[in-house]
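Chain by chain, the residues:
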Amino acid sequence: MVSSNRLRERLVDEGKLRPSERWPGRLELSEDVECGSPSAAAEVLLGRSANGWWEWRTEDGRALREFMPGVWAGPNRAWLVRGSNVSGIDLVQRLWLPEGRVTLAASRLRQGVGQGTSKEQLRTFVKEDYDFTATYGQQQDLVEELHAFLSRFKPGDTVCTISGGQLYVGEVTGAVEQVAAEDGRSNLRRPVEWQSTGYPYDELPEELQQKLSAQHDVVDLTSVQALLGGLGQALRGLRHGRPARGLQGDGPRLPAPGPAAPRRGR
């Protein structure tokens, strides 16, 4: 930002931002300087545009944003959430499409965990609530999935899921809700407006199929968001024998997904 660059130049001219004796090759402030945001402070020190929520880190590498509750700002994103085999039940057909929602099991997560919970808080909750039912690696995966669903998802985001060889696409329309589901398969819920029809998986662009093959229950699809946005038009072009913009050429396609591995009722 221009204001951060000007402040940096002034601090250098005044000798307040100067070469560090403790960290050679870096600059250090000789006194406290108040900045309007974490990003502005990072830009003053780095001399470039910076996201302070990401740049400021603890000694063990954890970003500032992991400690700050609240909904993530920024442009809307796209997500895959798996739900076709949650402890043996296809929630996509049973619950998500008919009732307009997307869910995570979170079966052992304590009640009272709300939207915007920080990742650091979730680490504590998951360690305590899943200590004897999940390995360390499974707990870390669960923290990432819960944090995305609780704090990174927001209204306007695109959400996708796969069921019966079809990709279903919708839009998140509201805040997260925690309930005590009778079967424990859908305790965290968000409202979704699903498109009326699905898209055959084996006709999807190869790049999109590759992203959809990731073996996680929640996957960030923002890098292929443009493909999702033009999906209907692109597939209609293929069916009429026309190359579709944004689709791969005549290269190999990934096979349609087989039976989904059961999601644990975590």
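Everything in this summary refers to the structure shown in the same document. None of the values given here were measured: they were computed from a predicted structure.

Reading guide: rules and limits
- Along each chain, numbering runs from 1 in the same order as the chain's sequence is written.
- In keeping with the predicted nature of the model, local features appear solely for residues at pLDDT of at least 70, side-chain atom pairs appear and are counted solely at 80 or more, and the whole-chain, interface and lining totals rest on all residues.
- Water and hydrogen atoms play no part in the side-chain values, which are based on all heavy atoms of the structure.
- Nonpolar cores are built from buried Ala, Val, Leu, Ile, Met, Phe, Trp, Tyr and Cys residues. Side-chain atoms within 4.5 Å join them into one set.
- The buried label applies to any residue whose accessible area, calculated with a 1.4 Å probe on protein chains only, is under 20% of its type's maximum; exposed applies above 50%, and partly exposed to all values in between.
- Under the scheme used here, helices are H or I runs from DSSP no shorter than 4 residues and strands are E runs no shorter than 2 residues, and both carry numbers assigned from the N terminus.
- Contacts: residue pairs with any heavy atoms within 4.5 Å of one another.
- Angles here are taken between N-to-C directions and fall from 0 to 180 degrees, while the axes themselves are lines fitted to C-alpha atoms, restricted in helices to the stretch in contact.
- Angle categories are assigned with fixed cut-offs, so that under 35 degrees is roughly parallel, over 145 is roughly antiparallel, 65 to 115 is roughly perpendicular, and the rest are oblique.
- Two helices that cross are described as forming a left-handed crossing if the nearer one is turned anticlockwise from the farther one by less than a right angle, and a right-handed crossing if clockwise.
- Note on residue categories: nonpolar means Ala, Val, Leu, Ile, Met, Phe, Trp, Tyr, Cys or Pro, charged means Asp, Glu, Lys or Arg, and polar means any other residue, Gly included.
- Any carboxyl oxygen of Asp or Glu that lies within 4 Å of a side-chain nitrogen of Lys or Arg is treated as forming a salt bridge with it.
- Stacked, edge-to-face and tilted are the three classes for Phe, Tyr and Trp ring pairs, Trp counted by its six-membered ring, which pair at centre distances within 6.5 Å; planes under 30 degrees apart are stacked, over 60 edge-to-face, the rest tilted.
- For a ring to carry a charge above it, either NZ of a lysine or CZ of an arginine must fall within 6 Å of the ring centroid while also lying within 35 degrees of the normal to the ring plane.
- What qualifies as a polar contact is a pair of N or O atoms within 3.5 Å, subject to a donor-acceptor requirement within protein and to the restriction that residues adjacent in sequence count only when both atoms come from side chains.
- Pairing between two strands is assigned when DSSP locates at least 2 bridges connecting them.
- This arc corresponds to the set of directions leading from the helix axis out to the C-beta atoms.

Once that is clear, we can look at the nonpolar core. Residues Trp96, Val102, Leu109, Leu146, Phe153 and Leu188 are the most contacted members of the largest nonpolar core, which totals 33 residues. Only strand S3 (78-81), helix H4 (91-99), strand S4 (101-104), helix H5 (119-129), helix H6 (136-152), strand S6 (166-172) and strand S8 (188-194) provide two or more residues apiece to this core. Here the element with the most residues in this core is H6; it accounts for 6 residues. Excluding its chain neighbours within four sequence positions, the residues that come into contact with Leu109 are Phe125, Asp129, Tyr130, Leu146, Gln178 and Leu188.

Direction vectors running N to C along H5 and H6 enclose 135°, while the axes themselves pass 9 Å from each other. With respect to H6, the axis of H5 lies oblique. At the point where H5 passes H6, the crossing takes the right-handed sense. Contacts between H5 and H6 involve Lys119, Leu122, Arg123, Val126 and Lys127 on the former and, on the latter, Gln139, Gln140, Leu142, Val143, Glu144, Leu146, His147 and Leu150. Its residues assigned to classes, the contact of H5 with H6 shows 6 nonpolar, 3 polar and 4 charged.

Glancing now at the pattern of salt bridges. Applying the stated criterion to the full structure yields 15 salt bridges. One salt bridge in this structure joins Glu14 and Lys16, with 3.4 Å as the shortest N-O distance. A residue is classified by how much of its surface remains accessible, and Glu14, at 40% relative accessible area, is partly exposed. Taking the relative accessible area as the measure of exposure, Lys16 reaches 24% and is therefore partly exposed.

What follows concerns unusual backbone geometry. Unlike most non-glycine residues, Ser87 shows phi in positive territory, near 50°. Along the chain, the position of Ser87 falls in the loop between S3 and H4. When its relative accessible area of 35% is taken as the criterion, Ser87 is described as partly exposed. Its identity is not glycine, yet Ala106 carries a phi of approximately 45°, on the positive side. Along the chain, Ala106 turns up in the loop between S4 and H5.

The next thing to look at is the packing of aromatic side chains. All told, the structure shown has 2 aromatic pairs when counted by the stated rule. Note on Trp79 and Phe153: the rings are 4.7 Å apart at their centroids and 25° apart in plane angle, and the pair reads as stacked. Note that Trp79 is positioned in strand S3 and Phe153 in the loop between H6 and strand S5 (158-163), a separation of 74 residues in sequence. An identical accessibility class is assigned to Trp79 and Phe153; each is buried. With a centroid separation of 5.2 Å and an interplanar angle of 45°, the aromatic rings of Phe149 and Phe153 are classed as tilted. Comparing Phe149 with Phe153 shows no difference in burial state: the two are buried. These aromatic residues form a ring-pair network of at least three members: Trp79, Phe149 and Phe153. Over the face of the ring belonging to Phe149 we find Arg190, whose NZ or CZ atom lies 5.8 Å from the ring centre.

Bringing the side chain of Ser20 into the picture now. Take Ser20: it is sitting in the loop between strand S1 (17-19) and strand S2 (27-29). Ser20 sits in the buried class, given a relative accessible area of 8%. Within polar-contact distance, the side chain of Ser20 engages the backbone nitrogen of Trp23 at 2.9 Å.

Take the pairing of S4 next. Of the two faces of S4, the one lined by Arg101 and Thr103 and the one lined by Val102 and Leu104 are each fully buried. Where S4 lies against S8, 4 bridges are found, and the strand directions are antiparallel. Note on S8: the bridge partner recorded for Thr103 is Arg189.

When H5 is considered as a whole, its buried residues turn out to be Lys119, Leu122, Phe125 and Val126. Projected down its long axis, H5 shows its buried positions confined to an angular sector of 115°, all on one face. The exposed residues of H5 that point more than 90 degrees off its buried face are Lys127 and Glu128.

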